[in-house]
Amino acid sequence: MLLPPLERAGGFPYDPAPREGPAVQAGILGVASPSLMRDESSQSVNAAGLRAGLVVSQYHEGITRALAEGAREAFVEAGGDPAHICELAAPGAYELPQIASALARSGRVDFVVALGCVIHGETKHFEYICQAVAQGLMTVSLETGMPVAFGVLTCDTTAQAKARAGGELGNKGVEAMHAALGAVHACRAARSAAEARSA
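To start, this report covers the structure provided alongside it.

Rules of the game
Residue positions within a chain follow its written sequence, with the count starting from 1. Only residues with pLDDT of at least 70 are given local features in this predicted model, and only at 80 or more are side-chain atom pairs given and counted; all residues enter the totals for whole chains, interfaces and linings. To obtain the side-chain values, all non-hydrogen atoms of the structure were included, while hydrogens and water were left out. Helical segments are the DSSP runs of H or I of at least four residues, strand segments are the runs of E of at least two, and each set is numbered from the N terminus. The contact definition used throughout considers only heavy atoms, calling two residues in contact when any of these lie within 4.5 Å. For the area figures, the Shrake-Rupley method with a 1.4 Å probe applies, and any residue is considered shielded solely by the protein chains shown. Nonpolar cores were defined as sets of buried Ala, Val, Leu, Ile, Met, Phe, Trp, Tyr and Cys residues, with membership established by side-chain atoms within 4.5 Å. In this scheme, a residue with accessible area under 20% of its type's maximum is buried, one over 50% is exposed, and one in between is partly exposed, where area comes from a 1.4 Å probe on protein chains only. Pairing of aromatic rings covers Phe, Tyr and Trp, the last counted by its six-membered ring, and requires centre-to-centre distances within 6.5 Å; plane angles under 30 degrees mean stacked, over 60 mean edge-to-face, and any other angle means tilted. Pairs of strands are assigned from DSSP output, requiring at least two bridges between the strands. Orienting the strands away from the viewer, one traces the path from the first strand over the helix to the second; a clockwise path indicates a right-handed crossover. The working definition used for a salt bridge is a side-chain nitrogen of Lys or Arg within 4 Å of a carboxyl oxygen of Asp or Glu.

From N to C terminus, the protein includes five helices and seven strands. Along the protein, from the amino end to the carboxyl end, the secondary structure elements read β-β-α-β-α-β-α-β-α-β-β-α. Of the contacts formed within the protein by residues at least 6 apart in sequence, a portion of 80% connects residues at least 24 apart. Approximately 9700 Å² of the protein is accessible, and the part contributed by carbon and sulfur atoms is 52%.

Here it is in structure tokens:
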């Protein structure tokens, strides 16, 4: 998980301490690398009081719909309120960063999970799209200080994508949601450590 700097001029970009009720202050850090998204224990996936942002590509809609369902279920199972999920559609994977940026800057959410599916074709279009989406989502995280989880499948075949969207290999929407929630709690731990050192 790649994290932007925790401290900026004047201190942390926002106060990551837990809050009561739905009005949790927006912001934190970190695009979650796909290679680090593992379905870990529930210790770091407590969603109580948080507001989730989902941006879902409509291309390969049958697959991305399953990813979104997994992400929503993971949020609720972690203690999140389904009424605190803000979900936006993106025409395709290429548009995910721009819409994720708008949502991250809206003040309506505490983190963003970007979900999509890109399947390899006969040209280099696949490589260009995947690189642009990954770099774009990283840029959104670094510029806003908010966690943006990478839940975009980059597969050679439709069968591979289906296997990772609720099939025999799990659901990357669930893993992306857990990664975003883990980033929230990692930031809180970092803030607590900083405060302990300065006390």
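Once the structure has been displayed, the description carries forward.
On to the nonpolar core. Within the largest apolar cluster, 30 residues are counted, with the highest numbers of intra-cluster contacts made by F111, V113, L115, L153, M177 and L181. At the level of elements, β2 (52–57), α1 (61–77), β4 (111–119), β5 (148–155) and α5 (172–198) are the ones that each hand at least two residues to this core. Excluding residues that lie within four positions of it along the chain, L115 makes contacts with V55, V56, S57, L67, A68, A71, L96, G151, V152, G173 and A176. Grouped together as the second largest cluster of nonpolar side chains are 23 residues, A114, C130, L137 and V140 included.

Bringing the packing of aromatic side chains into the picture now. For the coordinates displayed, the defined rule picks out one aromatic pair. Note on F75 and F111: the rings are 6.3 Å apart at their centroids and 55° apart in plane angle, and the pair reads as tilted. Of this pair, F75 sits in helix α1 while F111 sits in strand β4, and the two are 36 residues apart along the sequence. When sorted by exposure, F75 lands in the same class as F111, which is buried.

Right, let's get into the pairing of strand β3 (residues 85–90). Bridge count between β2 and β3: six bridges; the pairing is parallel. In the strand pairing of β3, V55 is matched with L88. As a crossover connection, the stretch from β2 through α1 into β3 is right-handed.

Moving on, we come to the pattern of salt bridges. Within this structure, the stated rule accounts for five salt bridges. R51 is paired through a salt bridge with D110; the nearest N and O atoms lie 3.4 Å apart. Taken as a pair, R51 in the loop between β1 (31–32) and β2 and D110 in the loop between α2 (96–104) and β4 lie far apart in primary sequence, 59 residues in all. Summarising the burial analysis for this pair, R51 and D110 share the class buried. Across the pair R65 and E61 runs a salt bridge whose closest N-O atoms are separated by 3.7 Å. Note that R65 and E61 are positioned in helix α1 at a spacing of four residues, about one turn of the helix.

In this structure, H60 is a non-glycine residue whose phi angle is positive, near 55°. Its location among the elements puts H60 in the loop between β2 and α1. Classification of H60 as partly exposed rests on a relative accessible area of 29%.

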